[in-house]
Amino acid sequence: MTEPFPSPMLAAEPAQELSVIAGLFREPLETADGVLLGVGDGLSIAVDVFGRLTEAFEALPGELDGEDLRQACEHLTEVAAAAASMAASLADEERVLARLRGSIGQVGSSVTKLRSTVGVIALLSVNARIAAAHLSNGGEDFGVFTQQVTRLAKTVERTVGDLDRDHVGLDLLLRSAQAEQDTFRRRYGQSLAAVAERLDTELRLFRAHRARSATLASTIGERSGQIASQIGAAVMSLQIGDRTRQRLDHVAQALDLLMEDDPWYGAGTTVCLLQAAQVGQAADEFADETRRTSEALRRLSLDAAALVDLGADMLGSDGGSGGSFLDRLRDRIATVSALMTECQTARGKVDHVTESLSRTLGDLVRRAEAVRAIETDMRLIGLNAAFKCGRLGDEGRTLSAIAHELRGYASQIVEDARLLKVVLKDVMSDSDILDRQRREQSARSISMLEARIGLSVSKLGHGGDRLSSAMAALAGEGRHVSASLADNARRIITETRLDQPLRATVDQLERVARALPTSVPDRENRILAQIAARYTMASERKIHERFSPSTAPIETEDALADIFF
């Protein structure tokens, strides 16, 4: 701690005492000036800091409500809806596949009947060749018939064989599709539903936090501007140092004028008392102004600290985890993106099977249509053979019977094909549903969702960076300025140390005044008039008027202007 200002060894004569009075406050005044200059520099930096913070936070509400974050919300809303739809449709997909398995079982029954009918037709084609060979004309007229029957029998046999293979392949594909779908559903069904719900929740919180943060950002911007303005006012109040220096310079000049007069003590009593009053007033004003400024800086320090806390609330920090609420949403979306990547890979396997299933179902329908077309040719061939056999009488009876049976089995094929088509209609209806779901939930669709997630993450990242940058400035510079303001509030009171030397100066001036003889009026008025001419402040003139109204300067517009200094 600095030692208190020492009492000087005063000379015995009043003149000697007056000569050392100016030295009582010169060094403390220089110290006070240095302290106030340092405080002013610190406050100027604080004004700049809060000016930048004001600019940054006034821009944030527009950014928080800007197009980028709006689009990010829209994209994530779409992702949440798609994930929910995907999770909900898995059960529907499972039911469709189960219905298809049942329908394919009925297709199997129809194919079995067709295969049985084909076997009979193949046998009839052999019987037709044998019967035609025993006709008396050597069977020449029926060679074409038997060849056509044989060809149609083979065509039907081949077509039904293809149907059978398609059916077997379809059954295997369905089993595989069910297995892949079941694996996907068990592994990702609940996760997709949870992701959708979590995204909805996060987006609700995000929208609420975004709106609140926009309001807080506006408040922080406004309060930053107010703090900057108030610090500016505090900087102006530091001019008390300049005013005090001017006043003390005038006191020293007044004492010099007094000492230059001969004899100097002719006006000494009044001049010393006047200067004692001027120094006392300077001490009072300096103490009052520095106290007010210190209190203002202390309050501003608390305001700055509160502003930093408000910023932390706006940022959405929880538990010291750091980052803004935008950053946290971005991080949580990253887990959604990872799940979607897994889903895309797994769904690709389901897609591969269901695509094969769709193609095979199409082949199956085309085979069934081909069977129906063969029936027409077979009926025409049978009618033609029956007509020819009718002209042969009893000899053509056997071949006529074969032709009749052939027409009957052709009708049977038509009926079997019709029943198969009824079943296939249901199959194709379910296949269309499955195909539509596949397109909506395909790996490609998931990939598109991932792209939207990626775009949202990017937009949230940009917004988060801007918000975090503003908050880092507030947290770092704001805390530093708050501490600096508190330190400067302390320094103004504890380091200026001007009150004691000024009070000592007042005491010595009054002591010298008591030791001097009564002033001579003419000399007194002349000296006082010279002193009054040097005043620059209204408060100096008012004090002068108390001691010598006749020599007090007339207040003019120019003279009154110094009230602001």
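Residues numbered from 1 in each chain as written. Predicted model: local features only at pLDDT ≥ 70, side-chain atom pairs only at ≥ 80, totals over all residues. Heavy atoms only, no water.

Turning our attention to the overall build of the chain. When its secondary structure is counted, the chain shows 13 helices and 0 strands. N-terminal to C-terminal, the α/β element order of the chain is α-α-α-α-α-α-α-α-α-α-α-α-α. A total of 565 residues make up the chain; the buried ones form 46% of that total. Restricting to contacts in the chain with at least 6 residues of sequence separation, those with at least 24 account for 90%. Total accessible area on the chain stands at roughly 27,100 Å², and carbon and sulfur atoms take up 53% of it. (Helix = DSSP H or I, 4+ residues; strand = E, 2+ residues; numbered from the N terminus. Buried < 20%, exposed > 50% of the residue type's maximum accessible area, 1.4 Å probe, protein only. Contact = heavy atoms within 4.5 Å. Areas by Shrake-Rupley, 256 points an atom, 1.4 Å probe, with all protein chains shown as cover.)

For the rest of this paragraph, the subject is the environment of Phe286. For Phe286, the position within the fold is in helix α6 (residues 268-315). Separated by 212 residues in the primary sequence, Phe286 and Leu498 place their C-alpha atoms 8.3 Å from one another. Excluding anything up to four places from it in sequence, Phe286 contacts Ala32, Leu36, Ile240, Gly241, Thr244, Thr496 and Leu498.

What follows deals with the packing of helix α2 (residues 23-64) against helix α10 (residues 499-515). At a closest axis distance of 9 Å, the pairing of α2 and α10 adopts a crossing angle of 165 degrees. Classified by the angle between their axes, α2 and α10 sit roughly antiparallel to one another. Crossing angle aside, the handedness with which α2 passes α10 is left-handed. Contacts from Leu24, Phe25 and Pro28 of α2 reach α10 at Pro501, Leu502, Ala504, Thr505 and Gln508. Taken together, the residues of the contact of α2 with α10 sort by class into 6 nonpolar, 2 polar and no charged. (Axes fitted to C-alpha atoms, helices over the stretch in contact; angles between N-to-C directions. Parallel < 35°, antiparallel > 145°, perpendicular 65-115°, else oblique. Left-handed = near helix turned anticlockwise from the far one by under 90°. Nonpolar A, V, L, I, M, F, W, Y, C, P; charged D, E, K, R; others polar.)

Axis separation between α2 and helix α5 (residues 240-260) bottoms out at 10 Å; the angle between their running directions is 165 degrees. The angle between α2 and α5 falls in the class roughly antiparallel. Regarding α2 and α5, the two cross each other, and that crossing is left-handed. Facing α2, whose interface residues are Phe25, Arg26, Leu29, Glu30, Asp33 and Leu36, α5 presents Ile240, Gly241, Thr244, Arg245, Leu248, Asp249 and Ala252. Here the residues of the contact of α2 with α5 sort into 6 nonpolar, 2 polar and 5 charged.

What follows is about the nonpolar core. Phe50, Phe57 and Leu297 are the most contacted members of the largest nonpolar core, which totals 66 residues. Among the nonpolar cores identified, the runner-up in size contains 46 residues, and Val160, Cys389, Ala403 and Ala417 belong to it. (Core = buried A, V, L, I, M, F, W, Y, C linked by side-chain atoms within 4.5 Å.)

Before going further, it helps to spend a moment on helix α11 (residues 521-532). With 12 residues, α11 should reach 16 Å at 1.5 Å per residue; the first-to-last C-alpha distance of 16 Å fits that figure. Glu524, Ile527, Leu528, Ile531 and Ala532 are the residues of α11 that are buried. Around the axis of α11, the buried residues are gathered within 135 degrees of arc, so they sit on the same side. (Expected span 1.5 Å × (residues − 1). Arc of directions from axis to C-beta.)

Taken together, the side chains of Leu123, Val126 and Ile130 make up a nonpolar region of the molecular surface, amounting to roughly 250 Å² of accessible area. Val126 sits in the partly exposed class, given a relative accessible area of 34%. (Patch = residues over 30% accessible without salt bridge, like charges linked within 9 Å, V, L, I, M, F, W, Y side chains within 5 Å. Salt bridge = Lys/Arg side-chain N within 4 Å of Asp/Glu carboxyl O.)

This part takes up the confidence of the model for the chain. As a note on interpretation, predicted positions should not be read in detail where pLDDT is low. For the chain, mean pLDDT is 78; residues scoring 70 or higher make up 85% of the total. In the model of the chain, helix α13 (residues 557-560) stands out as the element of lowest mean pLDDT, 45, in contrast to helix α12 (residues 538-547), which has the highest, 91. In this model residues 1-12 is a low-confidence stretch, pLDDT under 50, and it forms 15 contacts with partners more than four residues away in sequence or in other chains. Taken together, the stretch residues 317-321 has pLDDT below 50 and engages in 5 contacts with residues farther than four places along the chain or on a different chain. (pLDDT = per-residue confidence, 0-100.)

What follows covers the pattern of salt bridges. Tallying each qualifying case throughout the model produces 19 salt bridges. The salt bridge involving Arg101 is made with Asp171; its shortest N-O contact spans 3.5 Å. Of this pair, Arg101 sits in helix α3 (residues 67-133) while Asp171 sits in helix α4 (residues 143-237), and the two are 70 residues apart along the sequence. Judged by relative accessible area, Arg101 falls into the partly exposed class, the value being 26%. Arg247 serves as the salt-bridge partner of Glu285, at 3.3 Å between the closest nitrogen and oxygen. Of this pair, Glu285 sits in helix α6 while Arg247 sits in helix α5; the two residues are 38 residues apart in sequence, bridging distant segments of the chain.

By the secondary structure assignment, Thr290 is in helix α6. Classification of Thr290 by relative accessible area gives buried; the value is 6%. A distance of 3.1 Å separates a polar side-chain atom of Thr290 from the backbone oxygen of Ala287. When near neighbours in sequence (up to four residues on either side) are disregarded, Thr290 contacts Ile240, Ile492 and Ile493. (Polar contact = N/O pair within 3.5 Å; in protein donor to acceptor, adjacent residues only side chain to side chain.)

Relative to the helices and strands, Ser301 resides in helix α6. For Ser301, a relative accessible area of 8% corresponds to the buried category. Non-local contacts of Ser301, meaning those with residues more than four positions away in its chain, are made with Ser482, Leu485 and Ala486.

What follows deals with the environment of Gly108. Within the element layout of this structure, Gly108 appears in helix α3. Judged by relative accessible area, which is 11%, Gly108 ranks as buried. Distance from Gly108 to His167, taken between C-alpha atoms, is 6.5 Å for residues 59 residues apart in sequence.

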